[in-house]
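One-letter residues, chain by chain:
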Amino acid sequence: MPANNTAVPANNPFARLPEAASFTVTSTTVDDSAAWPPEQHSSGLPGGKDTSPQLSWSGAPEGTKSYAVTVYDPDAPTGSGFWHWAVTDIPAGVTELPEGAGDDTGSYLPEGAYQLPNDARAARYLGAAPPAGHGPHRYFVVVHALDIASTGVPADATPAVLGFTMAGHTLGRAVLTATAETPA
């Protein structure tokens with residue numbers, strides 16, 4: 001990369017993680033590679049409501065004992081990206097989350113599942129809010145199929161700690177990518 005950082009790498013968040021089987025995640029909220037609807041943007045932006053997307057998944061690898069869901073923006077100008085949402089300990093029999101499951105209460109999450117604080121330190125979904133004029137951002141919405149029933153991650157841990165804990169237990173990943181851009 002040039003010294004002035006004019007070239008932007010693809011920064012694949014899975015490039016250095018152990019390989020995992022692929023399975024399918026879909027959403028009635030957003031199509032893969034499409035822009036987030038306004039409701040999935042931060043409440044600090046016009047029309048934004050910090051509403052988590054509806055997600056459904058299928059085809060998880062045999063041996064899946066639980067799931068985790070994460071939403072990550074690798075394009076945030078932080079040097080480490082930005083975690084918007086992390087849910088862990090979703091039971092293996094659950095294959096969808098309704099739109100809005102990532103609210104402050106978590107009452108639409110399945111029994112036993114819980115949200116970790118995002119990078120704003122709120123245990124909820126935080127909508128997209130790329131800086132004005134920064135260009136398009138990608139939001140990796142990932143369902144992780146795990147070979148353990150519980151990650152054992154404390155409820156106040158960061159999504160990065162969850163990711164580290166999941167690394168050796170991930171059987172599969174279902175990935176949907178949404179986008180957002182805030183005009184200058």
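Figured I'd write up the structure that's included with this text. Quantities reported herein were computed from a predicted structural model and do not represent experimental measurements. (Residues numbered from 1 in each chain as written. Predicted model: local features only at pLDDT ≥ 70, side-chain atom pairs only at ≥ 80, totals over all residues. Heavy atoms only, no water.)

**Comments concerning the sheet that holds strand S2 (residues 24-26)**
What holds strands together in a sheet is hydrogen bonding between their backbones, with the strands either parallel or antiparallel. Operational definition: Strand pairing is assigned whenever DSSP detects at least two bridges linking the two strands. In DSSP terms, a helix is any run of H or I states spanning at least four residues, a strand is any run of E spanning at least two, and both are numbered starting from the N terminus.
In spatial order, the strands read S2-S3-S6; together these three strands make up an open sheet with antiparallel pairing. The two strands at the open ends of the sheet, each matched to only one other strand, are S2 and strand S6 (96-97). Both strand S3 (residues 55-58) and S6 contribute to a ladder of two bridges, which runs antiparallel. Opposite leucine 55, over in S6, you have leucine 97 as the bridge partner.

**Thoughts on the environment of histidine 137**
Our working rule: Partly exposed describes any residue whose relative accessible area lies between the buried limit of under 20% and the exposed limit of over 50%, with all areas from a 1.4 Å probe on protein chains only and scaled to the type maximum. In what follows, residue pairs with any heavy atoms lying within 4.5 Å of each other are defined as contacts. Definition of a polar contact: a pair of N or O atoms within 3.5 Å, with one able to donate and the other able to accept a hydrogen when the atoms are protein atoms, and with sequence-neighbouring residues admitted only if both atoms are side-chain atoms.
Relative to the helices and strands, histidine 137 resides in strand S8 (residues 137-146). What makes histidine 137 buried here is its relative accessible area of 1%. A C-alpha to C-alpha distance of 24 Å links histidine 137 and phenylalanine 164, two positions 27 residues apart in sequence. Those residues in contact with histidine 137, other than ones at most four positions away along the chain, are Asp73, Asp75, Ala76, Pro77, Pro130, Pro131, Ala178, Thr179 and Ala180. Engagement of the side chain of histidine 137 in a polar contact is seen with the side chain of aspartate 73, the distance being 2.7 Å.

**A few points about the environment of serine 58**
The residue serine 58 is located in strand S3 in this model. We classify serine 58 as partly exposed; its relative accessible area is 43%. Residues serine 58 and glutamate 39 lie 19 residues apart in sequence; the distance between their C-alpha atoms is 25 Å. The residues touching serine 58, leaving out its near neighbours within four places in the chain, are Phe23 and Thr24.

Bear in mind that shape data such as this cannot, by itself, settle questions of function.
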